[in-house]
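Topology and contacts: notes
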Amino acid sequence: MYILDTGARFSAVRFSPSPTPLSRRYFIVRATNLPFPKHQAKYHKELEVAIDAVDRACRLCVDVKRSLFSSKEKIVEKNDQTPVTIADFGVQALVSLELSKVFPSIPLVAEEDSHFVRANNLVSSVVSEVKSKASIGDNELSDADVLEAIDRGGKGAYAFCNKPATYWVLDPIDGTRGFLKGDDALYVVGLALVVDNEIVLGVMGCPNWPEEISDGSTGTLMLSHIGCGTWTKRLQNVSGKVTGDWTRCFVDACVLMNKARFCIQESQTWESLPLSGFFDASIVSEDLQHKEILLLPTCCGSLCKYLMVASGRASVFLLRAKTQRTIKSWDHAVGIICVHEAGGKVTDWEGDEINLEEDQSERRLIFPAGGVVVSNGSLHNQIIEMITSASPTF
């Protein structure tokens, strides 16, 4: 049953100003497994499994984070100095198991492999966390099953060649540095399904996404299905299960650059981006000057910034590609469909769509010219024009 609600709207959270008021209407759907009739969604079976897998993964993250600082064995450094925890490997194993149980023929592209689990004597800890959240009975999962599930998404696990393909893309924890902090820094579990180079569905879970509703809940689950919109509902911090009603999301309606709210990577500065030649950045929303834009406080991970744009909390997310860092598909796939289905737009700096098939062999890398532009759509052409005009300098 669809209930029209013209008055409710996402309330502001503490890391951003209140969203620009919208004249658009949106819908709240009473609690069901999906926020729309199944016959409208071609991939509804895949979406239901993805929702359940990400929900379980979020509960695993919450439990691991709760005990994170009670044992130094919970944290290990990978070779690239990116901190990784039992939760990364546990989420990848858990999601891999849940997906392969129903869709065994669909390959998985994901971030981790089991080498670090084995090398750092973390096998028993990871297996324990996975068993506690998996839908498969405890006695049915062996250490080998869990390690194999991790490696199912690892590098070299599947060769696509140059063929059109159907596959899952998983970021077990985007924003691991935020996960490791003992505060409210945000992190996201992100899962998408790609069919013939088109992202057809996506699910993001952010367990500590702040809400102002004082009902004991925290976190958010966002889903998108091609042609069916982007929707969210809250996660409950007591049991970790999804709760409440589905609420449809829209990007904000901002059409003026100096009224927009921008996000950038915490590893980058505003001065390193092309728009800095047109606008200065301020982190204070009051008394912005004509040539100033509002730069929202950083939050860990790219997917969180996609979530902010898709939910109308931010207007624009700019990412500059670094020559020394390769852009990974799992950092963007689920975010792209969530923003698109919320009415926004995602391209590279030349205005071309992101091509997930450029890495023909493994589908793990993307090569957006210049970087990635994520916007509410209304501002997109202006941003591309500014980037183009500033390109000799940048």
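Provided above is the structure to which this section pertains.
Residues numbered from 1 in each chain as written. Predicted model: local features only at pLDDT ≥ 70, side-chain atom pairs only at ≥ 80, totals over all residues. Heavy atoms only, no water.

**Considerations on the overall build of the protein**
Within the protein, the secondary structure is distributed over nine helices and 19 strands. Classification of the 394 residues of the protein by burial places 57% in the buried group. Across the protein, every contact between residues at least 6 apart in sequence was considered, and the portion connecting residues at least 24 apart equals 70%. When the accessible surface of the protein is totalled, it reaches about 16600 Å², and 48% of it is carbon and sulfur. (Helix = DSSP H or I, 4+ residues; strand = E, 2+ residues; numbered from the N terminus. Buried < 20%, exposed > 50% of the residue type's maximum accessible area, 1.4 Å probe, protein only. Contact = heavy atoms within 4.5 Å. Areas by Shrake-Rupley, 256 points an atom, 1.4 Å probe, with all protein chains shown as cover.)

**Focus on the packing of aromatic side chains**
Following the criterion strictly, the structure yields six aromatic pairs and no others. With a centroid separation of 5.6 Å and an interplanar angle of 75°, the aromatic rings of Phe 262 and Trp 270 are classed as edge-to-face. You can call Phe 262 buried: its relative accessible area is 0%. Members of the aromatic cluster, each reached through a chain of ring pairs, are Tyr 158, Phe 160 and Tyr 167. Sitting above the plane of the Phe 279 ring, Lys 291 keeps its charged end 5.9 Å from the centroid. (Phe/Tyr/Trp six-rings, centres within 6.5 Å; stacked < 30°, edge-to-face > 60°. Lys NZ or Arg CZ within 6 Å of the ring centre and 35° of its normal.)

**Let's talk about the sheet that holds strand β19 (residues 371–375)**
Read across the open sheet, the six strands follow the order β13-β14-β12-β15-β19-β17; overall the sheet is mixed. Of all strands in the sheet, those with a lone pairing partner are β13 (280–282) and β17 (345–348), marking the two edges. Here the average twist between neighbouring strands, direction ignored, is 30°. Where β17 meets β19, four bridges bridge the pair, whose relative direction is antiparallel. (Pairing = 2+ DSSP bridges. Axes fitted to C-alpha atoms, helices over the stretch in contact; angles between N-to-C directions.)

**Considerations on the packing of helix α1 (residues 44–66) against helix α4 (residues 123–133)**
Two elements in contact, α1 and α4, have axes whose closest approach is 10 Å; the angle formed by their N-to-C orientations is 130°. On the basis of their axis angle, the class for α1 and α4 is oblique. When the axes of α1 and α4 are compared, the crossing they make is right-handed. Residue-level contacts link Arg 56, Arg 59, Leu 60, Asp 63 and Val 64 of α1 to Glu 129, Val 130 and Lys 133 of α4. (Parallel < 35°, antiparallel > 145°, perpendicular 65-115°, else oblique. Left-handed = near helix turned anticlockwise from the far one by under 90°.)

**Some remarks on helix α9 (residues 380–390)**
Looking at α9, one finds that the buried residues are His 380, Ile 383, Ile 384, Met 386, Ile 387 and Ala 390. Seen along its axis, α9 keeps its buried residues to an arc of 160°; they face one direction. Of the exposed residues in α9, those oriented more than 90 degrees away from the buried face are Asn 381 and Glu 385. (Arc of directions from axis to C-beta.)

**Section: the packing of helix α2 (residues 86–102) against α4**
It is at 9 Å that the axes of α2 and α4 come closest, and there the two elements cross at 45°. By the angle between their directions, the pair α2 and α4 is classed as oblique. Between α2 and α4 the crossing geometry is right-handed. Residues Ile 86, Phe 89, Gly 90, Ala 93, Leu 94 and Leu 97 of α2 form the contact with α4, whose own contacting residues are Ser 125, Val 126, Glu 129, Val 130 and Lys 133.

**Here we look at the environment of Pro 297**
Residue position: Pro 297 is located in the loop between β14 (292–295) and α7 (302–310). What makes Pro 297 partly exposed here is its relative accessible area of 45%. C-alpha of Pro 297 to C-alpha of Val 284: the two residues are 13 residues apart in sequence and 9.9 Å apart in space.

**Section: helix α5 (residues 143–151)**
Along α5, the residues classified as buried are Val 146, Leu 147, Ala 149 and Ile 150. Each buried residue of α5 lies within a common arc of 155° when the element is viewed along its axis, so the set occupies one face. Seen from the open side of α5, the exposed residues pointing more than 90 degrees away from its buried face are Ala 144 and Glu 148.

**Overview of the nonpolar core**
Val 126 and Trp 168 are the most contacted members of the largest nonpolar core, which has 62 residues in total. In terms of residues, this core owes the most to one element, α1, which gives 11 residues. In this structure, Trp 168 is in contact with Glu 46, Ala 50, Leu 99, Phe 103, Ile 106, Pro 107, Leu 108, Val 109, Leu 191, Ala 192, Leu 193 and Leu 201, ignoring residues within four places of it in sequence. (Core = buried A, V, L, I, M, F, W, Y, C linked by side-chain atoms within 4.5 Å.)

**A closer look at the environment of Lys 345**
Within the secondary structure, Lys 345 sits in strand β17. For Lys 345, a relative accessible area of 35% gives the class partly exposed. Residue contacts for Lys 345: discarding those within four places in its chain leaves Val 339, His 340, Val 373, Val 374, Ser 375, Gly 377, His 380 and Asn 381.

**With respect to the pattern of salt bridges**
Taken as a whole and assessed by the stated rule, the structure comprises 10 salt bridges. For the salt bridge of Asp 55 with Arg 59, the shortest nitrogen-to-oxygen distance reads 3.2 Å. Linking Asp 55 with Arg 59, this pair stays in helix α1, spanning four residues, or about one helical turn. Overall, Asp 55 belongs to the buried group, its relative accessible area being 8%. (Salt bridge = Lys/Arg side-chain N within 4 Å of Asp/Glu carboxyl O.)

**Here we look at unusual backbone geometry**
At Asp 196, a position not held by glycine, the phi torsion is positive, near 50°. Within the secondary structure, Asp 196 sits in the loop between β7 (188–195) and β8 (198–206). Phi is positive for Asn 197, which is not a glycine, with a value near 70°. Of the residues examined, Asn 197 reaches a relative accessible area of 29% and is grouped as partly exposed.

**Examining the pairing of β8**
Extensive coverage of β8 is indicated by the burial of eight of its nine residues. When β7 meets β8, the two strands line up antiparallel, connected through seven bridges. Residue pairing in the sheet places Leu 191 in a bridge with Val 203 of β8. Between β7 and β8, which pair antiparallel and follow one another directly, the connecting turn spans two residues, one of which, Asp 196, has a positive phi of 50°.

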